[in-house]
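# Descriptive analysis of the structure
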Amino acid sequence: MAIATALCLAATPVLISPPAFAVTATSPVIAQGDDWSVTTVPGGYQVDKTLSAPLEIRADAATLWADGIELGIATESLDGLTLTVTTSDAMVTTASDISQGWSGAGDPTVDIPEKRSRLRAVEPPARDVAVLADDPAAVGPYAVARYDYDLGDEAVEIRDFGRKGEMRAAVFMPTGATGERPVVVFLHGRHTSCAGGARNPLAWPCNPDQVDVESYLGYNDAATILASQGYAVISISANAINALDGSLADDTGAAARGQLVLDHLSLLRQANAGTAVGLSAALVGQLDLDNVGLMGHSRGGEGVMRAAVLNAELEQPFGITGVLPLAPTDYTRITVPGIPTATILPYCDGDVEDQMGQKYIDDSRHAYGDDVLRSSVLVMGTNHNYFNTAWTPGKYPVATSDDWAIMDRNQTDPTCGASAPTRLNADEQYAFGNSYIAAFFRLTGGGDEQFLPMFDGSDAKPLSAGRADVRVSATLPSSSRFDINNFTAPDTTVRVTGAGTYAVCESLSPVDVPGVLPYCITRLEFAQAPDWSTTGSNGKANSVPSTTAMHFSYTEPVRGSDAAGELRVRVPGGSVDASAYENLSFRVSPDDTVSGSTDVTVTLLDGSGGAASVAASEYGDALTVLPGSANPLRKALLQQIAVPVTAFDGVDLSDVREVRFTGARADGGVLLSDLAFLTASDVGNVELSTRPVASVPEVTVDEGNGIGSVSVPVVLSKPAETASTMYFTALGSGVGRVGTAMQKVEFSPGEICKAVTITIEGDRAASTAASASYVTNVSNTQGGATIGDAFGAIVLREDDGVTDRSGAPAASLSEVGAQGDACEEALAELGTLEVSPAAALAGSTVTVTGDGFRAGETVDLVFHSEPVTVGSVVSPDGSVSFEVAIPADAEVGAHEFVATGFGSGYSQAAAFAVLDPAAAIPPSGEEPAAGEPGAAIPVVDAPAVAQPTDEPGTSAGTDEDLAHTGVSVLGWVAVAVVLLGLGAALMVRRRRLAE
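Counting starts from 1 at the beginning of each chain's written sequence and moves along it residue by residue. Two thresholds apply to this predicted model, a pLDDT of at least 70 for residue-level local features and 80 or more for giving and counting side-chain atom pairs, whereas whole-chain, interface and lining totals are computed over all residues. Neither water nor hydrogens contribute to the side-chain values; these are computed over all heavy atoms in the structure.

### Considering helix H4 (residues 299-311)
Every α-helix carries 3.6 residues per turn, so stepping three or four residues along brings you back to the same face. The way it works is that DSSP assigns letters per residue, a run of H or I at least four long becomes a helix, a run of E at least two long becomes a strand, and they are numbered from the N terminus. Expected span, for any helix, means 1.5 Å times one less than how many residues it has. Taking 1.5 Å as the rise per residue, H4 with 13 residues should run 18 Å; its terminal C-alpha atoms sit 18 Å apart, in good agreement. Each residue's exposure class comes from its accessible area (1.4 Å probe, protein chains only) as a fraction of the maximum for that residue type: buried when under 20%, exposed when over 50%, partly exposed otherwise. With 13 of its 13 residues buried, H4 lies for the most part within the structure.

Here is the structure:
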């Protein structure tokens, strides 16, 4: 699939339009069709597509395409009728067609012939799977009571949206259970919020004639099962975020959903203490918020992973003990340290068809050296929607579907079509979900170790999972592993002999910014390689490398006497005593040249010449190609094979020196990862991360007239304590005016900021937009840092004039000046203005000066408490000076001035006191004093803030000393309060920057 991802603000769905017609050379509209247009913006072009009806809301992201080239994820207007992408790719100027697609689904104008019906259905062989004696879906000893709450449709601020959303949840509690109960929070995914009727032009709340879809009630059975076992379960509604994230989120809503989870937990903390308004008193003393599990479905899965990271930044964090992303998205490549995680991947997912949640395991498993269990749970025959009854046809009256039809509209695929023998029906899939959700939280929150074999790679399953074919690959806690080789980088100690070759590889071909390693997958499409897909459709981290592996290729030997290809891997340290371990484990997948299956022989060698071998295929199905032959099937996916060490008969396990993989005597290849010896495991040890968080601030610069650059800072909330790495992305275009960038950013201990340089190309032409914004972010944090406010932007100001669509002049943005050192600007603390005098009557004129701003930027001066802009100047050299009239209606007391640079964002502030004229009236008979009628208005220098003195018996000032200035002691106390407030504002500003 050809993909050219452009730097984008956003994007959304589109319909196929008629051919473009020419526009005049003087028009700001560069290209145009009946329902689309391309206009100039700073650094690039804005592509707008008008829709005949709002798009379906789903987990997948809408995209815009121009003549077969994908432009990027689109932003949706609030009324749902316009999709917009800002791109720097000049090819849109000659576009003949703009159409709407979906992330990963390919060119929407290409009608792929329906050939699935001619594919042969193959009944898979029965797998020998252990059945657990205990069933996690069994109803427990407690009756279940409901204590739902609804605080209104617009009850809480949605993070970064500037809008409010609902605070609504279903609460399931065990009746008669004593003491605080473990808490489990469910978060549904992105689905239709308001069905039918007339759409609210502001998207939320639903209009009275619409159905407010109850997605949060779709997991009631799992909630009831857990509550009957003694858990407090809260399933929360996120319909406002679903209605708005296509328009207002730069991260597909991950941070907003994560914050919503924390907002509900904060409310539950109040309820537990008996102080929450609108929640039942029955919750008082019943909630153990130091033992919290999170389940998120679809984009809710990304939301709960984000919540787990955000939680660590709280002053009073909650105790999160397990996270279960169910059919999740991972547009933002989040890594989560120190929390047991199980991601469930439906094989027949038609919405998140690339199973991108696999990267939660791939990216986090070795990122932090932590000691927790991480599991990838692949379940065959299941789609995206049927885990939620409100999304399932026949179980809810509106807005339901079998999402596999997105991939297979006639439902004829022999693997995933509705009548395929391996496809689970809605009830079977829902039962599987209930079973695994209940098991995971009983394991992580309740210590029910009997359910560990469902998640540790043993592939045992309970009766309630029915005929579901479940394949689990686990990364055990570090205390349960001896890592031999994770194949994360080229290693000269690894060798190949005979008819074979090897290379450490990464990612699926192609990516916009190729890495230094060869591709692991070159013959499959975006959705067919969950471990490795990184193309532009994969959200916001387009070129970030994915899942290094060892690609071992082998061929048929030329002569029968020639040796087969053999990969030899030395043990770290020269030798290991493997007798104390239970299994030799590795993750493996046939490479994309294999059809059917392949096999390798695994051999252990000791230090005295002993060797023992087994066939890998005897211990699992990982070397059989996963089913399907029409995109998005088959899948190449790393799956676990665990060989008991006792199977290696004839080798001295106390002195293992080398592991060898011998290929078949035929053409083929495998991808290998995570070679290790394993002991018996548990869920490991939960940790609360204290690592700094990485953020990317917004950077504003002029577009310029030619080739130039902009520096984007990546900032940690505090200096790195250990080495930290992450990946910076600018969503640009290799042929556009804002360059595509993906760069590994490395922090050494003690470092707090690194700048990344991005190429931009300006022009001398006016445009229809005063500025254009291009998304930047950091992702896949490793080692000593996690993500904070990971999304920023490069904002390019149009510096050649702005016109409306008719060509008439329009207002430009304020001047932004010349960018200084990016890290110095990002780390700049709140500075201090000079005000002379520092106290005066309302209506007086004062002088305010400052420095440290960008040369050439507009600096606005605002008078607080009620903010009033009282001045605006362009700084010639970084300094500013204002002559300001204090507002005549300013209240007596403490105020402040704040000056802020429009380009740099740098601020300086100063306390100021408005004097009380009445305080200066003299006793009767004295001459009129300043401030009285007929007297001159006094303008005086206020004394400096009192400082302590070393001389005993001296005073820095008294109320009597201050009386002649017309300011009471209380007034100066107010000034001091302002100064303290400014200090607090500084801390908040720096914290927001860091976050």
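### Description of the pairing of strand E31 (residues 611-615)
Strands are treated as partners if at least two bridges between them are detected by DSSP. Both strand E30 (residues 600-606) and E31 contribute to a ladder of five bridges, which runs antiparallel. Looking across to E31, one finds that Thr 601 is bridged to Ala 615. Linking E30 to E31, which pair antiparallel, is a turn of four residues; within it Gly 609 sits at a positive phi near 95 degrees.

### Points about the packing of aromatic side chains
Two aromatic rings, taken as a pair, are described by how far apart their centres are and by the angle between their planes. Two aromatic rings, drawn from Phe, Tyr or Trp (for Trp, its six-membered ring), form a pair once their centres lie within 6.5 Å of each other, and the interplanar angle then sorts them: stacked below 30 degrees, edge-to-face above 60, tilted otherwise. For the coordinates displayed, the defined rule picks out 14 aromatic pairs. The rule is short: NZ of Lys or CZ of Arg within 6 Å of the ring centre and within 35 degrees of the ring normal puts a charge over the ring. Sitting over the ring of Trp 102, Arg 58 keeps its end group 3.8 Å from the ring centre. The aromatic ring of Phe 747 is capped on one face by Lys 754, whose charged end is 5.7 Å from the ring centroid.

### Concerning the sheet that holds strand E8 (residues 98-102)
Judged by pairing direction, the sheet is antiparallel, and its three strands sit side by side in the order E5-E4-E8 without closing on themselves. Only two strands of the sheet have a single neighbouring strand rather than two, namely strand E5 (69-73) and E8. Direction aside, neighbouring strands of the sheet carry axes that sit 35 degrees apart on average. For helices, the axis comes from a line fit to the C-alpha atoms of the stretch in contact; other axes are also lines fit to C-alpha atoms, and the angle between any two N-to-C directions lies between 0 and 180 degrees.

### Focus: the pattern of salt bridges
The rule for a salt bridge is simple: a side-chain nitrogen of Lys or Arg has to be within 4 Å of a carboxyl oxygen of Asp or Glu. Following the criterion strictly, the structure yields 36 salt bridges and no others. Where Asp 789 meets Arg 159, a salt bridge forms, and the shortest distance between an N and an O atom there is 3.1 Å. Taken together, the positions of Asp 789 in the loop between strand E42 (786-787) and strand E43 (791-797) and Arg 159 in the loop between strand E11 (156-157) and strand E12 (164-165) put the pair 630 residues apart, joining distant regions of the chain. Here Asp 483 ties to Arg 481 by a salt bridge, and the two come within 2.9 Å at their closest N and O atoms. Residue classification places Asp 483 among the partly exposed residues on the basis of a relative accessible area of 27%.

### Digging into the packing of helix H2 (residues 239-248) against helix H3 (residues 254-273)
Any two packed helices are characterised by how steeply their axes cross, that is the angle between the axes, and by the distance between the axes. In contact at an axis separation of 10 Å, H2 and H3 are set at 160 degrees when each is read in the N-to-C sense. By the angle class used here, H2 and H3 are roughly antiparallel. Judged by the sense of rotation from one axis to the other, the crossing of H2 with H3 is right-handed. Taking contact as the criterion, the partners of Ile 241, Asn 242 and Asp 245 in H2 are, on H3, Ala 256, Arg 257 and Leu 260. Residue composition of the contact of H2 with H3, by class: three nonpolar, one polar and two charged. These descriptions rest on fixed angle ranges, namely under 35 degrees for roughly parallel, over 145 for roughly antiparallel, 65 to 115 for roughly perpendicular, and the rest for oblique. For any pair of crossing helices, the crossing counts as left-handed if the nearer helix is rotated counterclockwise from the farther one by less than a right angle, and right-handed if it is rotated clockwise. It only takes one pair of heavy atoms within 4.5 Å for two residues to be counted as in contact. Basically, the charged four are Asp, Glu, Lys and Arg, the nonpolar ten are Ala, Val, Leu, Ile, Met, Phe, Trp, Tyr, Cys and Pro, and anything else, Gly included, counts as polar.

### Considering the sheet that holds strand E38 (residues 724-730)
Consider a sheet: its strands pair through backbone hydrogen bonds, and that pairing is either parallel or antiparallel. Within the open sheet, the five strands sit side by side as E36-E43-E41-E38-E39. Their pairing is mixed. In this open sheet, the two strands that pair with only one neighbour each are strand E36 (699-702) and strand E39 (741-747). Averaged over all pairs of adjacent strands, the angle between their axes in this sheet comes to 20 degrees, without regard to strand direction.

### Examining the pairing of strand E51 (residues 868-874)
Here six bridges tie strand E50 (residues 858-864) to E51, and the two strands are oriented antiparallel to one another. Within E51, the position partnered with Asp 860 by the bridge is Ser 872. Linking two consecutive strands that pair antiparallel, namely E50 and E51, is a turn of three residues.

### Observations concerning unusual backbone geometry
The omega angle of the peptide bond from Trp 204 to Pro 205 is 0 degrees, so this bond is cis rather than trans. Turning to its location among the elements, Pro 205 is positioned in the loop between strand E15 (194-195) and strand E16 (211-212). A cis amide bond, omega -5 degrees, links Ser 836 with the succeeding residue Pro 837. Summarising the element assignment, Pro 837 is placed in the loop between strand E47 (834-836) and strand E48 (839-840). You will see that Arg 333, though not glycine, has its phi angle at about 50 degrees, which is positive. Examined against the element boundaries, Arg 333 turns out to sit in the loop between strand E19 (320-326) and strand E20 (341-346). With phi around 65 degrees, Ser 507 is a residue other than glycine that occupies positive phi space. By the element assignment, Ser 507 lies in strand E25 (residues 500-508).

### Structural notes on the state of the cysteines
Our working definition of a disulfide is a cysteine sulfur pair at a distance within 2.5 Å. By the definition in use, this model includes four disulfides. Through a disulfide, Cys 194 is tied to Cys 206; the S-S separation comes to 2.0 Å. For the disulfide bridge between Cys 194 and Cys 206, the dihedral angle about the S-S bond is near -85 degrees, and by the sign convention the bridge is left-handed. Highlighted residues: Cys 194 in strand E15 and Cys 206 in the loop between E15 and E16, separated in sequence by 12 residues. Of the two residues examined, Cys 194 and Cys 206, each falls in the buried class. Note that Cys 505 is cross-linked by a disulfide to Cys 520, the S-S spacing being 2.1 Å. Here Cys 505 and Cys 520 share a disulfide; its torsion about the S-S bond, 100 degrees, makes the bridge right-handed. In this pair, Cys 505 is assigned in strand E25 and Cys 520 in strand E26 (residues 519-521), connecting sequence segments 15 residues apart. Overall, Cys 505 belongs to the buried group, its relative accessible area being 1%. Numbered in order of appearance, the disulfide-bonded cysteines of the protein are paired 1-2, 3-4, 5-6, 7-8.

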